[in-house]
Amino acid sequence: MIIIEKSSQSSYIDFNDISFGKNYSDNMFYCKFNNGKWEDPIIKKFGEITVSPISLVFHYGQAIFEGMKAYKDKDGNVFLFRPLENFNRINSSAKRLEMPLISKSIFLYGLKQLLSIDKNWIPNNYGQSIYIRPFLIASDGRLSANPSKKYIFMIICTTASNYYLTPLKVNIEQKYSRSTDGGIGFTKAAGNYASSFFPTRIAQEEGYDQILWTDSSTHSLIEESGTMNVFFYIKDSLITAPANKKILNGITRKSIITLAKEKGIRVKECHLSVSELIYNIRKNLVKEVFGCGTAVVLNFFKTIGYRCENFYLPKISSEKRISFFFKKRLLDIQHNVVDDPFGWRFKL
């Protein structure tokens, strides 16, 4: 049972000004875990929450989240994109961080109810969406270094257009690491992102937009880029690092692999070394490099930096880019413009 408090409703939303993370929908989903079970969820007005300063989320970092989107078609129907993947992944993250699993009824039914109430926040325009952030934090008030016994699960929403609007200039990281063997790189744990801020700032001060992360042991194998999975279109093959315990198994990543195979493009889920990449760039064999994720959808790279040298990728018109094809194919499916042969759309 979901308790719906008196909710707020905005009378006007400016969909011409929806930069990512600027405006949040009127309401939020809130549910507590206490005494070994989930309490009745609440949907209430978006606003501040009260947490004790000794809540374990602040001291031992038990915090995970997901990223999802909902879309409207031209008739006003609302669709989620592969929500069961997000449900399974948040529970995979919860298990690794010793947090309680979230039931499907709480996650999916709660999401459905929240979006039904805040439906007017979902843009009608092609390419725009509402970005959904489910998250789970430890809320137990004691300082012992043990898993919390109390948790809060919430869902908030923000209007979203394109996350990155221009081609990216990225630098191959040779010192810092995003994840390590046996760590939590495959989860959407808050700490994974916090640890990336400092090396990213260094790269930005050197004139780059983002980092190409490499393996922590040798810094010779490419893993991800910033907060995105990354693809390399070399010769006639699409190459991406295998989703393992170090690399996030992105839902957009999985979708692109499926779309590539549908189009007859050879996909290699394997480690690409830095030396292989540089060699292929020098030989003009790298056609495209692009990152992907829920927020960004897909964005291509224009420059790759390595050891104080910049390598420039081919200039190709948007319509001829394989990345453009993937992005349009995804958006067409998400906005119900074309048939969905994969069963990815979830109508609310």
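**Q** How would you summarise the overall build of the protein if you had to cite specific residues and measurements?
**A** Tallying secondary structure elements over the protein gives seven helices and 20 strands in all. A compact globule built from 348 residues would reach a C-alpha radius of gyration of about 20 Å, and the protein, at 21 Å, matches this within 12%. Along the longest, intermediate and shortest principal axes, the C-alpha atoms of the protein span 60 × 55 × 35 Å. Put simply, the protein has 348 residues, and 53% of those count as buried. Counting contacts in the protein only where the partners sit at least 6 residues apart, residues at least 24 apart contribute 70% of the total. As displayed, the protein offers around 16100 Å² of accessible surface, 51% of which is attributable to carbon and sulfur atoms. Taking the 47 positively charged and 32 negatively charged side chains of the protein as two groups, their mean positions are separated by 2 Å.

**Q** How would you explain a nonpolar patch on the surface if you had to name every residue and give the values?
**A** On the surface, a nonpolar cluster with roughly 270 Å² of combined accessible area is contributed by I54, Y60 and L143. Position of I54 among the secondary structure elements: in the loop between strand 4 (42-45) and helix 1 (56-60).

**Q** With reference to specific residues and values, describe the environment of A189.
**A** Turning to its location among the elements, A189 is positioned in the loop between strand 10 (168-172) and helix 4 (190-205). Residue classification places A189 among the buried residues on the basis of a relative accessible area of 1%. The spacing of A189 and L97 is 92 residues in sequence and 8.2 Å in space, taken between C-alpha atoms.

**Q** Just give me the short version of the pattern of salt bridges, but keep the residues and values in it.
**A** Following the criterion strictly, the structure yields 15 salt bridges and no others. Ionic pairing is found between R178 and E224, a salt bridge with its closest N-O pair at 3.4 Å. One end of the pair, R178, is in the loop between strand 10 and helix 4; the other, E224, is in strand 12 (residues 221-225), with 46 residues separating them in the sequence. You'll find R178 and E224 in the same group, each marked buried. Salt bridges here are not isolated pairs; linked through shared partners, they connect R82, E85 and K254.

**Q** Now, about the pairing of strand 7 (residues 78-81): what can you tell me, with residues and values included?
**A** As a general feature of sheets, a regular strand has side chains that alternate between the two faces. Side chains V78 and L80 project from strand 7 onto one buried face, and the interleaved F79 and F81 project onto a second face that is buried too. What sits between strand 6 (residues 68-72) and strand 7 in their antiparallel hairpin is a turn of five residues, with G76 showing a positive phi close to 90°. Of the strand pairs in this sheet, strand 7 and strand 20 (residues 345-347) are connected by three bridges, and their pairing is antiparallel. For L80, the partnering residue across the bridge sits in strand 20 and is F346.

**Q** Break down unusual backbone geometry for me, citing the residues and quoting the values.
**A** Notably, R82 is not glycine yet its phi reads approximately 50°, a positive angle. In this fold, R82 is placed in the loop between strand 7 and helix 2 (83-96).

**Q** Lay out the side chain of N91 with the relevant residues and their values.
**A** Along the chain, N91 turns up in helix 2. Ignoring any residue separated from it by four or fewer positions in sequence, one finds N91 in contact with L101 and I102.

**Q** Which residues make up the pairing of strand 11 (residues 210-214), and what values go with them?
**A** Burial analysis of strand 11 places five of its five residues in the buried class, the great majority of the element. In strand 11, alternate side chains face the same way, and those of Q210, L212 and T214 on one face and I211 and W213 on the other are all buried. Across three bridges, the pairing between strand 10 and strand 11 is parallel. For I172, the partnering residue across the bridge sits in strand 11 and is L212. Following the chain from strand 10 across helix 4 to the adjacent parallel strand 11, one finds a crossover that is right-handed. As paired elements, strand 11 and strand 12 share two bridges and run antiparallel to each other. By the bridge assignment for strand 12, T214 is matched with I222.

Quick notes on the rules
Residues numbered from 1 in each chain as written. Predicted model: local features only at pLDDT ≥ 70, side-chain atom pairs only at ≥ 80, totals over all residues. Heavy atoms only, no water. Helix = DSSP H or I, 4+ residues; strand = E, 2+ residues; numbered from the N terminus. Rg over C-alpha atoms; globule rule 2.2 N^0.38 Å. Buried < 20%, exposed > 50% of the residue type's maximum accessible area, 1.4 Å probe, protein only. Contact = heavy atoms within 4.5 Å. Areas by Shrake-Rupley, 256 points an atom, 1.4 Å probe, with all protein chains shown as cover. Lys, Arg positive; Asp, Glu negative; His and termini not counted. Charge placed at Lys NZ, Arg CZ, Asp CG, Glu CD. Patch = residues over 30% accessible without salt bridge, like charges linked within 9 Å, V, L, I, M, F, W, Y side chains within 5 Å. Salt bridge = Lys/Arg side-chain N within 4 Å of Asp/Glu carboxyl O. Pairing = 2+ DSSP bridges. Right-handed = clockwise from strand over helix to strand, strands pointing away.

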